[in-house]
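Residues per chain are reported as follows:
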Amino acid sequence: MKRSMLLVLWVSCVFVLLGMTPMPSQNNEINSSVKFAVVYGPNATFEPLTSVQEGLALRDYVVRRQLNDSNCDYIAASNGIANIGGDGEAAFWLTRQLVPQDDRDFREVYHTKLGPNGSDQPFTPDNLGTAPEAFVGVYEAMGYNVVSMSAPPGSARLDFVQALRDRLFTAPGASFAHIWIVTGDYNPQARIFTVAETGEQVSLPYPYHEVTLMADPTQPEGLVVLDGLVGYPYVIGLAELAGLMQPFNRVVVVQRNDGGLAEHQRFQVSQMGQPFVDHPLGAGFLRAARAFWGPDYRTWGTPIGLPLRMNVGSTNKVVLFSDYVQYERVHAGSVTLAPLGQHKALELVGSGVLSQTEVMGEDAPPLPEGMRFWVEAHFGSVEQFHHVFGRPITGELWLSAETMEQAILRGWSFAPLQPAVDEGYVVVFTEAALLGWHPNHGTFVVPLGRVFYQQLLEQLASGEHVNW
């Protein structure tokens, strides 16, 4: 087979390349079975493109076309879902709801300044696309297993791409990868803008493009690319793919869940610690965290695991745990915080540690003076603390060190509370948190998010699924 493969000039969603011609690619360490060339000129209309394919025995793939617009993220989702047995058309429109269009940090939303239908307009640097972090929880909400993978950006990582390939080949036909690629020169700081809630300076890069990858047993040395701009499936070698992915080195891997809710939850928690698996804070979760805590959102809101689905009656919600909170999002609605303080207080009532009368709800007194001073120092005001963690639902309570260690932390080690001390702790439950005080440690927030996450792991290990 002739080895003269021409590199496709992928571009950011639709980036019009002026006066450029295809460049020959370097020889790959892994063979590629297709030759192709794509050139975009001024005012291109993106008619169906011509390919020369030799010896491909690919199964039938659905490839949704991308016109002269910036919908590559939604189209990547549509192509992926359609080719693992789902409804690609429904996926296209649902991802548009789950990843809102707004002029924000593209880790949160679809970056556009052209209004609610901006993504249907021609590409410009102001109408660009969505970063990998913005898909945190998106495929979860659509009913799939989903894993985020990353490697340090800026260098081609063949080991990263091989790990991605291996993951896809464990479930060919039932899984796909949503990837972010860049070819040639690009500007990693095309524009800098400021996040209002935190003052963060955020870089907006271009050009980049989003496509779908799948594994095909007939093509063991490469991966199949489904690209709405190209319009037909083709195979790419792993070494070349590593080069295209290096500016981001981020990928979201989606797998059909053929089991029940318990199987899904067990899959999600089993992925932590697997090669290159990470747990970014993005999309509505990132926006909510910044709005709740401002610049301190990394202290109080950094995830400790992958998102997963739970049920609220007949409604699915996507949850994401941090040390201190549990984020919740129902469908495309706003992200809220679970009332973990209330959950824990009622759990202690059920076990006899607290009496029902001690959980007073709205009748609870305000925070005691020492805790109030600490809250004001760390959150700016008592009102801001209540905005995030809710109002007190108990008055001051005394808990022994043993109760704190066994009934609250359930054996999990938390540095300010170790080693256990005889004096015990003064605590106040709020709707979403537990404040504690000890003369040697002062006031602190108990990491209830971590505690409930550990409970979730224990329940899943015992064969249950988790709803709360």
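Worth saying up front: this structure is predicted, and the values here are computed from it rather than measured.

(A) Here's a closer look at the overall build of the protein. Within the protein one finds 13 helices and 22 strands. A separation of at least 24 residues holds for 69% of the contacts in the protein among residues at least 6 apart in sequence. Accessible surface, the protein: about 18,600 Å² in total, of which carbon and sulfur atoms supply 51%.

(B) Main features of helix H13 (residues 448–461). If you check H13, its first and last C-alpha atoms are 20 Å apart, about what 14 residues at 1.5 Å a residue would give, namely 20 Å. Every buried residue of H13 is accounted for by Leu448, Gly449, Arg450, Val451, Phe452, Tyr453, Gln455, Leu456 and Leu460.

(C) Region of the structure containing the packing of aromatic side chains. Overall, the coordinates contain 23 aromatic pairs when judged by the stated rule. A ring pair is formed by Trp300 and Phe389, whose centres lie 6.2 Å apart and whose planes are at 80 degrees; its orientation type is edge-to-face. Placement of Trp300 in helix H8 (residues 297–301) and of Phe389 in helix H11 (residues 382–389) is noted, with a sequence separation of 89 residues between them. A relative accessible area of 0% means that Phe389 is categorised as buried. Centre to centre, the rings of Phe385 and Phe389 are 5.2 Å apart; their planes meet at 40 degrees, and the pair counts as tilted. In this pair, Phe385 and Phe389 both sit in helix H11, 4 residues apart, roughly one turn of the helix. Neither residue differs from the other here; Phe385 and Phe389 are each classed as buried. Feature note: the residues Phe285, Phe292, Trp293, Trp300, Tyr324, Tyr327, Trp374, Phe379, Phe385 and Phe389 constitute an aromatic cluster, connected by ring pairs. The ring centre of Phe92 lies 4.0 Å from the NZ or CZ of Arg64, which sits over that ring. Taking the ring centre of Phe452 as reference, the NZ or CZ of Lys344 above it sits at 5.2 Å.

(D) Seen up close, the nonpolar core. Among the nonpolar cores identified, the biggest contains 65 residues, and Trp293, Phe321, Tyr327, Phe389, Ile408 and Phe429 are the most heavily contacted of them. In this view, Trp293 contacts Trp300, Gly301, Val325, Tyr327, Leu337, Phe379, Val388 and Phe389; residues no more than four positions away in its chain are not counted. Ranked by size, the runner-up nonpolar core spans 39 residues in total, among them Tyr139, Trp180, Val202 and Leu226.

(E) Quick look at empty space enclosed by the protein. On inspection of all chains with the given rule, the structure shows 5 cavities of 30 Å³ or more. Empty space within the largest cavity amounts to approximately 110 Å³. Lining the largest cavity are 15 residues, and of these Val136, Gly137, Val146, Ser148 and Pro307 lie nearest its centre. Every element with two or more residues in the lining of the largest cavity is listed here: strand E6 (145–150) and strand E13 (250–255). Looking at the lining of the largest cavity residue by residue, the class counts come to 9 nonpolar, 4 polar and 2 charged. Of the pockets and cavities examined, the second largest cavity occupies roughly 50 Å³. If you trace the second largest cavity, you find it lined by Leu98, Val136, Gly137, Val138, Ala141, Phe285, Val318, Arg329 and His331. A breakdown of the residues in the lining of the second largest cavity according to their chemical character gives 6 nonpolar, 2 polar and 1 charged.

(F) Representation of the environment of Leu158 in the model. Tracing the chain through its elements places Leu158 in helix H4 (residues 158–169). Put simply, Leu158 and Ala242 are 84 residues apart on the chain and 5.6 Å apart in space, counted from C-alpha to C-alpha.

(G) Focus on the pairing of strand E9 (residues 201–206). Bridging between strand E8 (residues 187–194) and E9 involves 5 bridges; their strand directions are antiparallel. Opposite Phe193, over in E9, you have Val202 as the bridge partner. Hairpin connection of E8 to E9: 6 residues between the antiparallel strands, including Gly199 at a positive phi of 75 degrees.

(H) The environment of Phe135, seen in detail. Looking at the element boundaries, Phe135 is found in the loop between strand E5 (127–129) and helix H3 (138–141). Looking at Phe135, the relative accessible area reads 1%, which means it is buried. C-alpha of Phe135 to C-alpha of Asp73: the two residues are 62 residues apart in sequence and 9.5 Å apart in space. Not counting residues up to four positions away in its chain, the partners in contact with Phe135 are Asp73, Val99, Thr130, His178, Trp180, Glu210 and Val252.

(I) Representation of the sheet that holds strand E21 (residues 434–438) within the structure. The 4 strands lie next to each other as E19-E20-E21-E22, forming an open sheet whose pairing is antiparallel. Since the sheet does not close on itself, it has two edges, and those belong to strand E19 (397–399) and strand E22 (442–445), each with one partner. Strand after strand, the sheet turns through a mean of 30 degrees between neighbouring axes, direction not considered. Of the pairings in the sheet, the one linking strand E20 (residues 425–429) to E21 comprises 4 bridges and is antiparallel in character. Opposite Val426, over in E21, you have Trp437 as the bridge partner. Helix H12 (residues 401–408) contacts E19, E20 and E21 of the sheet and is inclined by roughly 45 degrees relative to E20.

(J) Spotlight on the side chain of Glu108. Among the structural elements, Glu108 can be located in the loop between strand E3 (101–102) and strand E4 (110–112). What makes Glu108 buried here is its relative accessible area of 1%. A distance of 2.4 Å separates polar atoms of two side chains, one belonging to Glu108 and the other to Arg290.

(K) Fine view of the side chain of Asp105. When you line up the elements, Asp105 lands in the loop between E3 and E4. Looking at Asp105, its side chain comes within polar contact range of the side chain of Arg290, at 3.1 Å. What Asp105 contacts, discounting residues up to four positions off in sequence, is Phe193, Val195, Val202, Leu286 and Arg290.

Reading the values: rules and limits
- Residues numbered from 1 in each chain as written.
- Predicted model: local features only at pLDDT ≥ 70, side-chain atom pairs only at ≥ 80, totals over all residues.
- Heavy atoms only, no water.
- Helix = DSSP H or I, 4+ residues; strand = E, 2+ residues; numbered from the N terminus.
- Contact = heavy atoms within 4.5 Å.
- Areas by Shrake-Rupley, 256 points an atom, 1.4 Å probe, with all protein chains shown as cover.
- Expected span 1.5 Å × (residues − 1).
- Buried < 20%, exposed > 50% of the residue type's maximum accessible area, 1.4 Å probe, protein only.
- Phe/Tyr/Trp six-rings, centres within 6.5 Å; stacked < 30°, edge-to-face > 60°.
- Lys NZ or Arg CZ within 6 Å of the ring centre and 35° of its normal.
- Core = buried A, V, L, I, M, F, W, Y, C linked by side-chain atoms within 4.5 Å.
- 1 Å grid on protein atoms, 1.4 Å probe; cavity = no way out; pocket = protein on both sides within 12 Å on 5 of 7 lines; lining within 4 Å.
- Points joined across faces, edges and corners; volume = space filled by probe spheres on them.
- Nonpolar A, V, L, I, M, F, W, Y, C, P; charged D, E, K, R; others polar.
- Pairing = 2+ DSSP bridges.
- Axes fitted to C-alpha atoms, helices over the stretch in contact; angles between N-to-C directions.
- Polar contact = N/O pair within 3.5 Å; in protein donor to acceptor, adjacent residues only side chain to side chain.

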